[in-house]
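Structural features, examined
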Amino acid sequence: MSFKKQYLKSKPVCKVTFKLSKEEAQHADRVRLLGDFNAWNTSAEPMKKLKNGDFTTTLDLPKDSQYQFRYLLDDKTWENDWDADTYVPSPLSLEDNSVISV
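Every residue gets a number counted from 1 within its own chain, in the order that chain's sequence is written. Residues qualify for local features only when their pLDDT is at least 70, as the model is predicted, and side-chain atom pairs are given and counted only at 80 or more; totals for whole chains, interfaces and linings, by contrast, use all residues. Note that the side-chain values use all heavy atoms of the structure and ignore hydrogens as well as water.

1. So, the nonpolar core
- As used in this record, nonpolar core signifies buried Ala, Val, Leu, Ile, Met, Phe, Trp, Tyr and Cys residues forming a set joined through side-chain atoms within 4.5 Å. Burial classes follow relative accessibility: with a 1.4 Å probe on protein chains only, a residue under 20% of its type's maximum area counts as buried, one over 50% as exposed, and anything between as partly exposed. The biggest cluster of nonpolar side chains holds 18 residues, and the ones touching the most others in it are Val-16, Phe-18, Val-31, Tyr-71 and Ile-100.
- Here a residue-residue contact requires only that any non-hydrogen atoms of the pair lie within 4.5 Å. When residues no more than four places from it in sequence are discounted, the contact partners of Val-16 are Phe-3, Lys-4, Lys-5, Thr-57, Thr-58, Leu-59, Leu-61, Ile-100 and Val-102.

Structure follows, in structure tokens:
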């Protein structure tokens, strides 16, 4: 799991590329990135599956903000990003949510 932040000079936006390896995705067929940035919409567009089985997606997120997020594997299993900037307790479960600060 990892993400890469690229701050744009021309806009108050950070381009964030999220990546989840095949092993981290537990060999899932589909992975969705859900969080504050898409209202935790479980029908959000799945991440792109690469030929090697990894998953990736890129989002433009407004700067100077924090976003909670998690990965949804095959629409049934939640997974955190263990390289997240921090973690906060989820208001819906006993687990933590990953947090990215941009």
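2. A closer look at the sheet that holds strand 2 (residues 13–20)
- For two strands to be treated as a pair, DSSP must find at least two bridges joining them. Counting from the N terminus, the helices are the DSSP runs of H or I reaching at least four residues and the strands are the DSSP runs of E reaching at least two. Taken in spatial order, the four strands of this open sheet run 1-2-5-4, and their pairing is antiparallel. Every other strand in the sheet has two partners, leaving strand 1 (2–7) and strand 4 (48–49) as the edge strands with one partner each.
- As paired strands, strand 4 and strand 5 (residues 55–62) are joined by two bridges and run antiparallel to one another. Paired with Lys-48 across the strands is Thr-56, a residue of strand 5.

3. Points about the packing of aromatic side chains
- Only the six-membered ring of Trp is used, alongside the rings of Phe and Tyr, when aromatic pairs are assigned; centres must lie within 6.5 Å, and planes under 30 degrees apart are stacked while those over 60 apart are edge-to-face, with the rest tilted. The tally for this structure, following the rule as stated, stands at eight aromatic pairs.
- Between Phe-3 and Phe-18, the ring centres sit 5.9 Å apart and the planes meet at 55°, which makes this aromatic pair tilted. Of this pair, Phe-3 sits in strand 1 while Phe-18 sits in strand 2, and the two are 15 residues apart along the sequence.
- With 5.6 Å between their ring centres and 40° between their planes, Trp-82 and Tyr-87 make a pair best called tilted.
- Judged by its relative accessible area of 53%, Trp-82 falls in the exposed class.
- Judged by relative accessible area, which is 28%, Tyr-87 ranks as partly exposed.
- Among the aromatic residues, those joined into a ring-pair cluster are Phe-3, Phe-18, Phe-37, Tyr-67, Phe-69 and Tyr-71.

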